[in-house]
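Listed below are the residues making up each chain.
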Amino acid sequence: MSFFKKMSRTSKDNLLTYALVIVAFFVVQGLISTRTISHSLTGMMVPICTYIIMAVSLNLVVGISGELSLGHAGFMSIGAFCGVVVMAALSGAVASPLIRLIIAIIVAGMLAALTGVLIGIPVMRLHGDYLAIVTLAFGEIIKNVLNNLYVGMDKTGLHFSMQSAKALGMEGGTILINGPQGAAGITKASTFVMGFLLVLFCLMVVLNLKNSRSGRAIMSVRDNRIAAESVGINVTKYRLMAFVVSAALAGMAGALYAMNFSSIVPKKFDFNLSIMILVFVVLGGMGKIRGSIIAATLLTVLPEALRSLSDYRLLLYAVVLIATMLIGNNESLKNWFYQLRDRLLHKNEDEVLASTLEGGDLRG
């Protein structure tokens, strides 16, 4: 207990975030084992973990670094299709699907990070709307490249082409990525446990970076670029650091996501997906990691929970989003909710105290 009291406020806050994620995992595992939740909701566990990683990683760029990126789905798509290729390439050498999945996630993260470096070196010199437009273009370029990418594998190894499946020149073999038709026949190796572990890894990376010396430099650039430059902080370096780490985590999330389905297509990773992840970040709070986790979970589950309402489902979903935005950005409404919460808490405390005193009088 004394050790907990000696901890800093930041350490306590991080510990609370880890504790909430771990408790939520065991609660959901219990619900799944007892078949309390539906089969469709059980199948959403890996996508929920994926979206949490995407939201937390994007928050590193948008909330902590203070830059607007609209091409986050592009890094996810790189990780997804890289994971498919790595899983298939290792099928003969590594028997365990779990080990292949771990290797695929690592390779996907490395490739996404390399892409982040190549894109980030020129892009991180831009600011504001210019940066948003360039990252948006990057996401669309990646999608179009994948629409024209053909990858196959035969006994001689991997074959790549940007023309057609026939141009691969394979003798038999299997087509892993078939242009706009995407990848089919994927080995489904992703599990909720692996998703949970990857979420913890993502939290560890982002929270440690945020609270490190580099993280403080990143936030100083966000708060006042001129002041940061005046004390010798390399602005481009730290902005690029946040961008590359975010890209690597998005690539790892993409590999986890792809291995949860039997087929994926490039059009899944379009502008709409990037905007959806950005909505998670905005609704959860800019720079608030725990908020991104909660927003990604609720807004992924909510459409499924409202499915029984049929035609009114999307309307209610939109109303919830608008209400959340209004409340989150209106100080008077937030204060009213806080006052209401305090009143309810004090009321409950008074009732407990009154019942305790009454019980003591009756015993006397």
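One can find the structure itself at the top, above this paragraph.
Residues numbered from 1 in each chain as written. Predicted model: local features only at pLDDT ≥ 70, side-chain atom pairs only at ≥ 80, totals over all residues. Heavy atoms only, no water.

Student: Please explain the packing of aromatic side chains as it appears in this structure.
Tutor: The way to describe two aromatic rings as a pair is by their centre distance and the angle between their planes. The final tally for this structure, using the stated rule, is ten aromatic pairs. Seen in terms of ring centroids, tyrosine 51 and tyrosine 257 are 6.3 Å apart; in terms of plane orientation they differ by 40 degrees. Their pairing is tilted. Taken together, the residues span a long stretch of sequence, with tyrosine 51 in helix H4 (residues 45–64) and tyrosine 257 in helix H11 (residues 235–258) at a distance of 206 residues. One aromatic cluster is present, built from ring pairs that chain together Tyr51, Phe81, Tyr257, Phe261, Phe269 and Phe280. (Phe/Tyr/Trp six-rings, centres within 6.5 Å; stacked < 30°, edge-to-face > 60°. Helix = DSSP H or I, 4+ residues; strand = E, 2+ residues; numbered from the N terminus.)

Student: Quick question: what am I supposed to make of helix H13 (residues 289–305) here?
Tutor: At 3.6 residues per turn, the α-helix brings residues three or four places apart onto the same side. Between its first and last C-alpha, H13 extends 24 Å over 17 residues, near the 24 Å set by a 1.5 Å rise per residue. Among the residues of H13, those classed as buried are Ile289, Gly291, Ser292, Ile293, Ala295, Ala296, Leu299, Thr300 and Pro303. (Expected span 1.5 Å × (residues − 1). Buried < 20%, exposed > 50% of the residue type's maximum accessible area, 1.4 Å probe, protein only.)

Student: Would you mind going over a nonpolar patch on the surface with me for this structure?
Tutor: Residues Leu98, Ile102, Ile106 and Met110 make up a contiguous nonpolar surface patch of roughly 380 Å² in combined accessible area. Residue placement: methionine 110 occurs in helix H6 (residues 97–123). A relative accessible area of 58% places methionine 110 in the exposed class. (Patch = residues over 30% accessible without salt bridge, like charges linked within 9 Å, V, L, I, M, F, W, Y side chains within 5 Å. Areas by Shrake-Rupley, 256 points an atom, 1.4 Å probe, with all protein chains shown as cover. Salt bridge = Lys/Arg side-chain N within 4 Å of Asp/Glu carboxyl O.)

Student: Help me understand unusual backbone geometry in this model?
Tutor: Excluding glycine, residues mostly carry a negative phi; peptide bonds, for their part, are mostly trans. The backbone of arginine 35 sits at a positive phi, close to 60 degrees, despite the residue not being glycine. Inspection of the secondary structure assignment puts arginine 35 in the loop between helix H2 (9–33) and helix H3 (39–42).

Student: Would you explain the environment of threonine 50 in this entry?
Tutor: Tracing the backbone through its elements, the reader meets threonine 50 in helix H4. Threonine 50 sits in the buried class, given a relative accessible area of 0%. Residues threonine 50 and leucine 198, spaced 148 residues apart in sequence, show a C-alpha to C-alpha distance of 8.7 Å. When neighbours within four sequence positions are excluded, threonine 50 is seen to be in contact with Met76, Ala253, Leu256 and Tyr257. (Contact = heavy atoms within 4.5 Å.)

Student: Please clarify how the layout of surface pockets should be interpreted in this entry.
Tutor: A water-sized probe, rolled over the atoms, reveals where empty space remains. Size it by volume and the second largest pocket reaches roughly 480 Å³. For the second largest pocket, the lining is made up of 22 residues, of which Ala24, Phe25, Val28, Ile52 and Thr297 are closest to its centre. Within the residue set of the lining of the second largest pocket, elements represented by two or more residues are H2, H4, helix H8 (192–210) and H13. With eight residues, the top contributor of residues to the lining of the second largest pocket is H2. When grouped by side-chain class, the residues that make up the lining of the second largest pocket number 19 nonpolar, two polar and one charged. (1 Å grid on protein atoms, 1.4 Å probe; cavity = no way out; pocket = protein on both sides within 12 Å on 5 of 7 lines; lining within 4 Å. Points joined across faces, edges and corners; volume = space filled by probe spheres on them. Nonpolar A, V, L, I, M, F, W, Y, C, P; charged D, E, K, R; others polar.)

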